[in-house]
Amino acid sequence: MRTLVTGASGFLGGRLAELLTDRGDRVRVLARPTSALSHLAEVKPEVVHGALEDPESLELAVRGVDVIYHCAALSFDWGAWERFEAANVRGVENLARAASRSQTLQRFVHVSSSDVYGYPERPCDESGPLVDTGLPYNRSKVMGERILWRYHADGKLPLTVVRPVTIYGPRSKDIVLEVVKLLRSGSMAFVDRGRAPAGLTFVDNAAGALIACARSPNAIGQAYNVQDGGPETWRDYVDALADGLRLRRPWLSLPGGLALGAASVLERACRLFRTAGRPPLTRHSVLLLCRDQRFPTAKAQAELGFAPAIRFAEGIERTIRWVRERGLGNEAAPQVAPAQPMATLRH
C-alpha cells in the first residue's frame, strides 16, 4: 500500500511511519527541507519537500497514494491564533483540496483530538458535539475537522477521523520531556492533586488505531475516540516517571478553580504586555489536568477491533528507557524554579 504521512518529523507521525514500513507499506512523507528526519533513517521513506501552506507541494505529495495519514498539526497550549489557523485550519483545507483531486486515494485518516469536545466535565463518546471554547488549539482543531467533514459530505473525501486523548511514549517532547524537565528542576505542580484520569495512550497504540482505521472498509465517514482505557491518573503518570528516573516526586498542587482563574489572569497579562513565551499557567493545560480524560472507546473496539497492545507498565518502561538513553535522568542536581503544571499536548 502506498501511504503519505504528514507530520513524520514529529512524535506520532514519526512512529506511524516506522510501523507502516514494518507492515510493508511504501511510505512517503511530507516534510520541510529543514525538518529533522534522522529518526526515520531505517525507514528510508520517500520524502516530498513541502508544507501545508504550499499547495503545489501538496499536489505532488498526494499523487499516487492510497492512504493519507494527516498527523501534522500545531499542538500547543499557547500561541498566536494566526499560527494555529495557518497549520490546523488553512493547512487542513489545502491538504483536503489536493486530496480531493486524487484518482487513487482510498482513505484520508485525520488525526484530530479529544479537545474538540471542549473539555467537558464528563467525557463523552463520538456523538458528543464539537465545542469551540475559544482556546486556540481547541478552536483550530474544531474548525479543521469541520472543513474535512464538509469535503466528505460533498463526496470528495473518503474520511475517517481519529480523536486520540493523551499520547505519550519515546520521542514525546511535551508529555514526556517537558515533565522530566519540570521534575529535574523541582518545579512540577499538579492540579487538584493530580487525581484526574489522564486518558493515556501509548504512541504505538495510537498509531495502530490509525492503521486500523485505514484498513477497515466500514470506517469511512466515522470518528473514533482512542485511548488505552487504563485508570491511571496524572499523579500515577508523573510519579511513575519520577520513580523510574530516580527523581523526587512532586508534592505541590493547585486547586482546579484557583488554577483556572489564575491562568485567565496570566494569559491576559501576557497578551497585554506582549510577553514572549508561555505563561506559567494556561487555561488549556489546567482544563486537561483537572478534567476526566477517559473518553469512551467502545466504538473503536467494536468497529475496528481496537485493543491496546501495550499497557501502561510496558509503555512507561519504554519511555523511561528512552529518556535515560538521552541522558536526561537524575545525573544532575535539580535547581528549584517556580512551580508550574506541564504544557499538555496531544500529539
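Residues numbered from 1 in each chain as written. Predicted model: local features only at pLDDT ≥ 70, side-chain atom pairs only at ≥ 80, totals over all residues. Heavy atoms only, no water.

Peer 1: Looking at this structure, how should I read the overall build of the protein?
Peer 2: Secondary structure summary: the protein contains 11 helices and 11 strands in total. Relative to its length of 347 residues, the protein is compact, with a C-alpha radius of gyration of 19 Å against a globular reference of 20 Å. Here the C-alpha coordinates of the protein stretch approximately 55 × 40 × 40 Å along the principal axes. Looking at the 347 residues of the protein, the share that counts as buried comes to 56%. Summing over all exposed atoms, the protein offers an accessible surface of approximately 15,100 Å²; the carbon and sulfur share of this is 51%. (Helix = DSSP H or I, 4+ residues; strand = E, 2+ residues; numbered from the N terminus. Rg over C-alpha atoms; globule rule 2.2 N^0.38 Å. Buried < 20%, exposed > 50% of the residue type's maximum accessible area, 1.4 Å probe, protein only. Areas by Shrake-Rupley, 256 points an atom, 1.4 Å probe, with all protein chains shown as cover.)

Peer 1: Where do I start with the packing of helix α1 (residues 11–22) against helix α6 (residues 203–215) in this structure?
Peer 2: For any two helices packed against each other, one specifies the crossing angle of their axes together with the interaxial distance. Where α1 contacts α6, the axes come no closer than 9 Å and their chain directions differ by 65 degrees. Handedness of the crossing formed by α1 with α6: right-handed. Here F11, L12, R15, L16, L19 and L20 of α1 lie close against α6, whose contacting residues are V203, D204, A206, A207, L210 and I211. Grouping the constituent residues of the contact of α1 with α6 by class yields 10 nonpolar, no polar and 2 charged. (Axes fitted to C-alpha atoms, helices over the stretch in contact; angles between N-to-C directions. Left-handed = near helix turned anticlockwise from the far one by under 90°. Contact = heavy atoms within 4.5 Å. Nonpolar A, V, L, I, M, F, W, Y, C, P; charged D, E, K, R; others polar.)

Peer 1: What am I meant to see in the packing of aromatic side chains here?
Peer 2: Each aromatic ring pair is specified by the distance between its two centres and by the angle formed by the two planes. Summed over all chains, the structure comprises 5 aromatic pairs. Summarising the aromatic geometry, the rings of Y168 and Y237 are spaced 5.7 Å apart at their centres and angled 70 degrees between planes, so their arrangement reads as edge-to-face. Here the residue Y168 occupies a position in strand β7 (residues 166–168), and Y237 occupies one in helix α7 (residues 234–244), the gap between them amounting to 69 residues. Ring plane angle 80 degrees and centroid distance 6.4 Å describe the contact between W234 and Y237, whose orientation is recorded as edge-to-face. Highlighted residues: W234 and Y237, both in helix α7, separated by 3 residues, approximately one helical turn. On the basis of relative accessibility, which here comes to 2%, the residue W234 falls in the buried class. (Phe/Tyr/Trp six-rings, centres within 6.5 Å; stacked < 30°, edge-to-face > 60°.)

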